[in-house]
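Okay, here's what each chain looks like letter by letter:
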Amino acid sequence: MATTINCIRACPWAKVLVLMWLVQLATGEVSSVCKKIPAIAAEDSEEKCCNIPEMFPNETLHACMGEFEQSSVSQLQKSCKFATCVLKKQNLVKADNRLDAEQIKAYIKDKVKASDEWKSLIEKAVLQECLPMVEKDNAMAKQMKEALSDCDPIAGLTMACAAAKLYSNCPTKDWTGSPLCDEWKTFLSKCSTTMEDLNEMYMLVESQKM
């Protein structure tokens, strides 16, 4: 399972979905359109679909990967710890482990090297859509935290949700376009609005044994 967020930039989009390490839990109703995923690109495919800007410095990603890559904990726990590590190293997490919305907003403005259009899309995805949705579903977050040996899932859930949002709203100038890319864009735009649908997406991708 990939555990580096730079797959958003460098890998076929379907592989980014493996960042969505949501644990299969008792959830609400899943939208019918989210119960069947498009085809998954081959491992060696060069198709990127959307040129999403880098979010975090490579040194931060490598440092966090190094901390957990050789750990004996489960892959789900590694992914959870990796996401939290990245955000903490960028000072985007408060002392109580909640994500710091003001710091995130400043980070997007000052640190992310991207156009104003992309910065606006990132801010909307993270702060207006994903973080509120993830924090609102306290019951699922609590269940997931227990399943992950108390690793707080909020950071990873927010990153995974934002990845789906950014892809489905990719600006035309950064969209490479192909029938497969278009299928994923439609799928993600319809299946990233609830925790239940995000969970269903993850389980479907896992079922393909990526």
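## Observations concerning the overall build of the protein
Next, step 1: The number of helices and strands found in the protein is ten helices and zero strands.
Next, step 2: Each helix and strand of the protein, placed in order from N terminus to C terminus, yields the pattern α-α-α-α-α-α-α-α-α-α.
Next, step 3: Within the protein, buried positions represent 50% of all 210 residues.
Next, step 4: Pairs at least 24 residues apart make up 75% of the contacts formed inside the protein by residues separated by at least 6 positions.
Next, step 5: As displayed, the protein offers around 10300 Å² of accessible surface, 47% of which is attributable to carbon and sulfur atoms.

## What to know about helix H8 (residues 154–168)
Next, step 1: Helix length check: H8, at 15 residues, gives a terminal C-alpha distance of 21 Å against a target of 21 Å (1.5 Å per residue), a fit within 8%.
Next, step 2: The buried count for H8 comes to 15 of 15 residues, which makes it a mostly enclosed element.

## Quick word on the confidence of the model for the protein
Next, step 1: Across the protein, pLDDT averages 76, with 75% of residues at or above 70.
Next, step 2: Counting interchain partners and residues more than four positions distant, the pLDDT-below-50 stretch residues 1–27 has 98 contacts.

## Looking at the side chain of Ser192
Next, step 1: In this structure, Ser192 sits in the loop between helix H9 (179–190) and helix H10 (195–207).
Next, step 2: Not counting residues within four places of it along the chain, the set of residues in contact with Ser192 comprises Met133, Cys161, Ala164, Lys165 and Leu198.

## Focus: the nonpolar core
Next, step 1: Judged by nonpolar contacts, the single largest core of 53 residues is most densely connected at Phe56, Leu87, Leu99, Trp118, Ile122, Leu166 and Tyr167.
Next, step 2: Where this core is concerned, the elements lending two or more residues are helix H3 (58–68), helix H4 (75–89), helix H5 (101–110), helix H6 (116–136), H8, H9 and H10.
Next, step 3: Of the residues forming this core, the biggest block, ten residues, is contributed by H6.
Next, step 4: Excluding its chain neighbours within four sequence positions, the residues that come into contact with Trp118 are Cys50, Asn51, Ile52, Pro53, Leu166, Cys170, Pro171, Lys173 and Asp174.

## Some points on the packing of H3 against H4
Next, step 1: Between H3 and H4, the shortest axis-to-axis distance is 9 Å and the interhelical angle comes to 140°. What the angle tells us is that H3 and H4 run oblique. H3 and H4 meet at a crossing whose hand is right-handed. Facing Thr60, Leu61, Ala63, Cys64, Met65, Glu67 and Phe68 of H3, the residues of H4 in contact are Lys78, Lys81, Phe82, Cys85, Val86 and Lys89.

## Considering the packing of aromatic side chains
In this description, a pair of aromatic rings is defined by centroid distance and the angle of the planes.
Next, step 1: Counted according to the given criterion, the structure contains three aromatic pairs.
Next, step 2: Consider the rings of Trp184 and Phe187, whose centres lie 5.6 Å apart with planes at 90°: the pair is edge-to-face. Of this pair, Trp184 and Phe187 both sit in helix H9, three residues apart, which is roughly one turn of the helix.
Next, step 3: For Lys185, the ring lying beneath its charged end belongs to Trp175, and the centroid distance is 4.5 Å.

## Considering unusual backbone geometry
Next, step 1: One non-glycine residue, Asn91, lies in the positive phi region at around 60°.
Next, step 2: Among the structural elements, Asn91 can be located in the loop between H4 and H5.
Next, step 3: Among the residues examined, Asn91 registers a relative accessible area of 52% and is labelled exposed.

Conventions and cut-offs
- Residues numbered from 1 in each chain as written.
- Predicted model: local features only at pLDDT ≥ 70, side-chain atom pairs only at ≥ 80, totals over all residues.
- Heavy atoms only, no water.
- Helix = DSSP H or I, 4+ residues; strand = E, 2+ residues; numbered from the N terminus.
- Buried < 20%, exposed > 50% of the residue type's maximum accessible area, 1.4 Å probe, protein only.
- Contact = heavy atoms within 4.5 Å.
- Areas by Shrake-Rupley, 256 points an atom, 1.4 Å probe, with all protein chains shown as cover.
- Expected span 1.5 Å × (residues − 1).
- pLDDT = per-residue confidence, 0-100.
- Core = buried A, V, L, I, M, F, W, Y, C linked by side-chain atoms within 4.5 Å.
- Axes fitted to C-alpha atoms, helices over the stretch in contact; angles between N-to-C directions.
- Parallel < 35°, antiparallel > 145°, perpendicular 65-115°, else oblique.
- Left-handed = near helix turned anticlockwise from the far one by under 90°.
- Phe/Tyr/Trp six-rings, centres within 6.5 Å; stacked < 30°, edge-to-face > 60°.
- Lys NZ or Arg CZ within 6 Å of the ring centre and 35° of its normal.

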